[in-house]
Amino acid sequence: MVIGSGLAGLTFALGAASHGKVGVLTKGEITESNTTWAQGGIAAAVGEADSWELHERDTLIAGAGLCDEAAVRFLVQQAPEAISWLQSLGARFDSDGGDLSLGREGGHSRNRIVHHADRTGWEVERAVSEAVRSNPDISVFENTFATRLLMDEGRCVGVQAHIEGMGERIFTANSVMLASGGCGKMYQHTTNPSVATADGIGLAAAAGAQIANMEFMQFHPTTLFHTQMRSFLISEAVRGAGGTLRNHLGRRFMYDYDTRLELAPRDIVARSIEAEMKKHQTWCVYLDTTHLLEPQLTHEFPTIYERLQTIGVEMEKDWIPVVPAQHYSCGGVVTDLQGRTSIPGLYAAGEVSCTGVHGANRLASNSLLEAMVFARSASYACVNERAEGTGKIEPIHAISEAEAIRIRRSLQKTMTENVGIVRTFDGLQKAARVIKTLIGEYDRLPNAPYSQYAVEAKNLLLGAENVVAGAIARTENVGLHYNSDLGIIE
Ligand SMILES: Cc1cc2nc3c(=O)[nH]c(=O)nc-3n(C[C@H](O)[C@H](O)[C@H](O)COP(=O)(O)OP(=O)(O)OC[C@H]3O[C@@H](n4cnc5c(N)ncnc54)[C@H](O)[C@@H]3O)c2cc1C
């Protein structure tokens, strides 16, 4: 039984279906996922001048000494094969004279980003979801929200889920794959779609699984700042193509922060933008792509170009207003190389997991790769799992939507103000107090008619509790964790 239909969940389903029947539960439609939104691409050492050793080195440098070296090696060695597997499912990647055309992103020492224009995730999700749809051994349950992991004598034996229009149901299974993606909705500004509500962290925490590294939250430096449109990511590839960052006075301010300018690692660019906005008391900074001509922009960045046009921004003429926003969770449910969690029968892969490959900071375009590599490995490992246990439906405590809105807004405010790019001990303690209070309020509020939105609020609270606890416990500034009370990162 799989929870989630992004790249991790569907990759696992396709592998496991060679050995038995697989069910995929997904809370929206099959393609509603972070995967579908991924723009830049997938990292793999497939170029002539590249090697897995170089990819490994770059990943370890990004992870700032906290990567699990065995996991990184496994990831980078499996990468070329994972790309071939996607191609075998019909995924189309940009090519040049028959060879894959490889992009470059911050932190990579070689061109190694396999992509489909600026909509790689959409293409990958299309290919895997079509393969899943045509596989007779996989059943997909859309609009089905996993509400609880079924536990029997310490083993995970299935999932309780709410099927829209039908209510709570029990799905027993020999093994359960948690592939529920990210947790961006705990912040006010995020690149993640609305399904990213930390459900996997909530489910795993309730079942007692080991969770780690949640304090390493990646903020993307350049997302569109617009009052009417949700945070929309302006890919790093735009800076790779020479886009420059300017403050409201037109000054190229990255000169003041890092010699690598706009192509410094993401966390440094994000921190620099935040500092610049604070310095000038502005709501945003600007990304200048006016040196590029329309044909190149529409060819390389068709989605971004079209989206900006709808709000009257022409990339070849106008500066794009941008702000940093939450983007990716490096931590999650701890797994081994086969995706096994600390709970027998429970596997995890993709953004919800903590395989150790990202350490303190994720190298760009390693996450789609991680989702695939570890989900495939888990699909082989789970073959011999057998579970006898069953479970019975337990009531799910849902509060009213009005209260859920209030609680979610308070949580987002405290996370954004106190657990963002730059943290302080006082801010973290304040966030911990607010979250504890909100959890208490949620638990004491009376039962209301079932609402997924409300249950998600509880998962967001449990996820945020883990982020803050990790940030308080981290006593040095490393990778994505930056506490100004601890001094400067070299
Ligand atoms: C805008 C954007 C751009 C990105 N660009 C890149 C990139 O270029 N390269 C890269 O490597 N990474 C990129 N990423 C990150 C990458 O997309 C994700 O880390 C990756 O897709 C995660 O895959 P996943 O399968 O773990 O989760 P997801 O793709 O998010 O899938 C999670 C699934 O779980 C379902 N789900 C969640 N909770 C429940 C529940 N309780 N019950 C049932 N179903 C549930 C969701 O509906 C969804 O189907 C980007 C992310 C974003 C948001």
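Refer to the preceding data block for the structure.
Residues numbered from 1 in each chain as written. Predicted model: local features only at pLDDT ≥ 70, side-chain atom pairs only at ≥ 80, totals over all residues. Heavy atoms only, no water.

(A) Seen up close, the site of the ligand. The immediate surroundings of the ligand are formed by 38 residues, with Thr35, Gly40, Gly41, Glu351 and Ser367 found nearest. Between an oxygen atom of the ligand and a side-chain N or O atom of threonine 26, the distance comes to 3.2 Å. Isolated, the ligand exposes 1000 Å² of accessible area, and the fraction of that covered by the protein chains is 98%. At the level of elements, helix 1 (7–16), helix 2 (34–37), strand 9 (144–152), strand 17 (319–329) and helix 11 (367–381) are the ones that each hand at least two residues to the shell around the ligand. Among the residues making up the shell around the ligand, the classes are represented as 13 nonpolar, 20 polar and five charged. (Near = heavy atom within 4 Å. Polar contact = N/O pair within 3.5 Å; in protein donor to acceptor, adjacent residues only side chain to side chain. Areas by Shrake-Rupley, 256 points an atom, 1.4 Å probe, with all protein chains shown as cover. Helix = DSSP H or I, 4+ residues; strand = E, 2+ residues; numbered from the N terminus. Nonpolar A, V, L, I, M, F, W, Y, C, P; charged D, E, K, R; others polar.)

(B) View of the pattern of salt bridges. The full count for this structure, using the stated rule, is 29 salt bridges. Two residues, glutamate 123 and arginine 126, come together in a salt bridge whose shortest N-O distance is 2.8 Å. Taken together, the residues span about one helical turn, with glutamate 123 and arginine 126 both in helix 5 (residues 120–133) at a distance of three residues. Like arginine 126, glutamate 123 is buried. Two residues, aspartate 336 and arginine 340, come together in a salt bridge whose shortest N-O distance is 3.2 Å. If you follow the salt bridges from partner to partner, you end up with Lys27, Asp199, Arg408 and Glu456 in one network. (Salt bridge = Lys/Arg side-chain N within 4 Å of Asp/Glu carboxyl O. Buried < 20%, exposed > 50% of the residue type's maximum accessible area, 1.4 Å probe, protein only.)

(C) Representation of helix 5 within the structure. For helix 5, spanning 14 residues, the distance from its first C-alpha to its last is 20 Å, which sits close to the expected 20 Å at 1.5 Å a residue. Among the 14 residues that make up helix 5, 11 are buried, leaving the element largely enclosed by the rest of the structure. Taken together, the buried positions of helix 5 are Thr120, Gly121, Glu123, Val124, Glu125, Arg126, Ala127, Val128, Ser129, Ala131 and Val132. Residues of helix 5 that are buried in the fold lie against helix 1, helix 2, strand 3 (42–43), helix 4 (69–88), strand 7 (113–114) and strand 8 (138–141). (Expected span 1.5 Å × (residues − 1). Contact = heavy atoms within 4.5 Å.)

(D) The nonpolar core, seen in detail. Residues Val176, Leu178, Met186, Val333, Leu411 and Met415 are the most contacted members of the largest nonpolar core, which totals 57 residues. When residues in this core are grouped by element, the largest group, 10 residues, is from helix 14 (residues 452–473). When residues of this core are assigned to domains, at least three map to each of domain 1 (2–216 + 330–384) and domain 3 (401–486). Excluding anything up to four places from it in sequence, valine 176 contacts Met1, Ile3, Leu149, Cys156, Gly158, Val159, Gly345, Leu346 and Tyr347. By size, the runner-up hydrophobic cluster in this structure holds 49 residues, among which are Ala13, Cys67, Leu368 and Ala378. (Core = buried A, V, L, I, M, F, W, Y, C linked by side-chain atoms within 4.5 Å. Domains from an automatic or database assignment.)

(E) Geometry of the sheet that holds strand 7. Across the sheet, which stays open at both edges, the three strands sit in the order 3-7-6 with antiparallel pairing between neighbours. Of all strands in the sheet, those bounded by a partner on one side alone are strand 3 and strand 6 (102–103). Both strand 3 and strand 7 contribute to a ladder of two bridges, which runs antiparallel. Opposite alanine 43, over in strand 7, you have isoleucine 113 as the bridge partner. (Pairing = 2+ DSSP bridges.)

(F) Up close: the sheet that holds strand 20 (residues 353–354). Judged by pairing direction, the sheet is mixed, and its three strands sit side by side in the order 13-18-20 without closing on themselves. Among the strands making up the open sheet, the edge pair consists of strand 13 (211–212) and strand 20. In terms of strand pairing, strand 18 (residues 332–334) meets strand 20 through two bridges, oriented parallel. Residue valine 333 lies in a different strand from strand 20, and its bridge partner there is serine 353. Sitting on the sheet, helix 6 (residues 199–207) touches strand 13 and strand 18, and the angle it makes with strand 18 is about 45°. (Axes fitted to C-alpha atoms, helices over the stretch in contact; angles between N-to-C directions.)

(G) Representation of helix 12 (residues 401–418). Taking 1.5 Å of rise per residue, 18 residues should cover 26 Å, and helix 12 covers 25 Å from first to last C-alpha, within 8% of that figure. Against helix 13 (425–444) and helix 14 lie the buried residues of helix 12.

(H) Focus on unusual backbone geometry. A positive phi angle, near 40°, is found at alanine 117, a position not held by glycine. Its identity is not glycine, yet glutamate 153 carries a phi of approximately 50°, on the positive side. The residue glutamate 153 is located in the loop between strand 9 and strand 10 (155–163) in this model.

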